[in-house]
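If you want the building blocks of each chain, they are given just below.
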Amino acid sequence: MLAIEKSKSHKGKCTPNVLPCRINHNGAVDASRRYWNPTKTPDGKTVAYFRGRKLHGKQVMVPKGYRGAVVSTTDRILPKSTPPVGDDEVEEVEEEVDVKIMEEQSDFDHIMLWGHEALPDEVTDPYVRGIEEWIALAGQIHSISDENAESKD
């Protein structure tokens, strides 16, 4: 299990960029405007150039009721809670699992998807589909089925 805790060095809002390439680096980079400078065209489209290639960007909002977070792993473990004192009843005690702490470095309201020479297609883009599928799955897992309520009547 994981717990998210705001980092002491929280950097506020950011905009994650999903580029259509593989970069063998994971972490911060000192990107100057010379190398990464997305701009808006007169017709409202977002365009950037990366290593000489023209990229078209599409802003994808985080769905309502959710929030985006950039997190980093730590070796810290959440302290275990102590059971209430004074319970005379003997209950079966489940084995407590270690809850690891992740630190929130930044948060976001939207991400930018980039495509080569054209806007990314929301229907086929794996990131957009992944967000939609995970939210649908979470909705199913955490919902209460009406079938159970009807069968008790």
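Here is what the cut-offs are and how they apply
Within every chain, residues take consecutive numbers counted from 1 along the sequence as written. Selection of residues for local features in this predicted model requires a pLDDT of at least 70, selection of side-chain atom pairs for listing and counting requires 80 or more, and totals for whole chains, interfaces and linings are taken over all residues. Values reported for side chains reflect all heavy atoms of the structure, with hydrogen atoms and water molecules removed beforehand. Each residue is assigned to one of three classes by its accessible area relative to the maximum for its type, calculated with a 1.4 Å probe on protein chains only: buried under 20%, partly exposed between the two thresholds, exposed over 50%. Runs of E in the DSSP output that reach at least two residues are strands. Runs of H or I that reach at least four are helices, and both are numbered from the N terminus. At least two bridges found by DSSP between two strands is the condition for calling them paired. Here, axes are lines fitted to C-alpha atoms. For helices the fit covers the stretch in contact, and angles between N-to-C directions go from 0 to 180 degrees. Between Lys or Arg on one side and Asp or Glu on the other, a salt bridge is scored when a side-chain nitrogen of the former is within 4 Å of a carboxyl oxygen of the latter. In plain words, nonpolar cores are sets of buried Ala, Val, Leu, Ile, Met, Phe, Trp, Tyr and Cys residues tied together by side-chain atoms within 4.5 Å. Residues forming no salt bridge and having over 30% relative accessible area are the ones grouped into patches, like charges within 9 Å of each other and nonpolar side chains (Val, Leu, Ile, Met, Phe, Trp, Tyr) within 5 Å. Computed with the Shrake-Rupley method and a 1.4 Å probe, the accessible areas treat only the protein chains shown as cover for residues.

1. Some words on the pairing of strand E8 (residues 110-116)
Here is step 1 of the chain: Of all 7 residues in E8, 6 are buried; the element is thus mostly enclosed.
Here is step 2 of the chain: Relative to E8, strand E2 (residues 17-18) is paired through 2 bridges, and the arrangement is parallel. Note that in E8 the partner of Val18 across the bridge is Leu113.
Here is step 3 of the chain: Of the strand pairs in this sheet, strand E5 (residues 53-61) and E8 are connected by 7 bridges, and their pairing is antiparallel. Residue Met61 lies in a different strand from E8, and its bridge partner there is His110.

2. Observations concerning the sheet that holds strand E6 (residues 68-77)
Strand pairing in a sheet relies on backbone hydrogen bonds, with the paired strands running either antiparallel or parallel.
Here is step 1 of the chain: Pairing is mixed across the open sheet formed by 3 strands, whose spatial order is E1-E7-E6. Of all the strands in the sheet, the pair left with one neighbour each is strand E1 (2-6) and E6. The average angle at which neighbouring strand axes cross in this sheet is 35°, direction not considered.

3. Things to note about the pattern of salt bridges
Where charged atoms from two side chains of opposite charge approach closely, those side chains can pair.
Here is step 1 of the chain: The final tally for this structure, using the stated rule, is 7 salt bridges.
Here is step 2 of the chain: Overlapping salt bridges, with partners in common, bring together Glu5, Arg76 and Glu103 in one network.

4. Focus: the nonpolar core
Here is step 1 of the chain: Counting residues in hydrophobic clusters, the biggest one holds 6 residues: Val18, Val60, Phe108, Ile111, Leu113 and Val128.
Here is step 2 of the chain: One finds Trp36, Ala48, Leu55 and Trp114 within the second-largest nonpolar core, a separate group that totals 5 residues.

5. Some details on a nonpolar patch on the surface
Here is step 1 of the chain: A contiguous nonpolar patch, built from Trp134, Leu137 and Ile141 and spanning about 360 Å² of accessible area, is present on the exposed surface.
Here is step 2 of the chain: By relative accessible area, Trp134 is classed as exposed at 61%.

6. Comments concerning unusual backbone geometry
Here is step 1 of the chain: Even without being a glycine, Arg51 presents a positive backbone phi close to 55°.
Here is step 2 of the chain: Examined against the element boundaries, Arg51 turns out to sit in the loop between strand E4 (46-50) and E5.
Here is step 3 of the chain: The exposure class of Arg51 is exposed, given its relative accessible area of 76%.
Here is step 4 of the chain: Unlike most non-glycine residues, Glu117 shows phi in positive territory, near 60°.
Here is step 5 of the chain: Structurally, Glu117 can be placed in the loop between E8 and helix H1 (126-141).
Here is step 6 of the chain: Judged by relative accessible area, which is 55%, Glu117 ranks as exposed.

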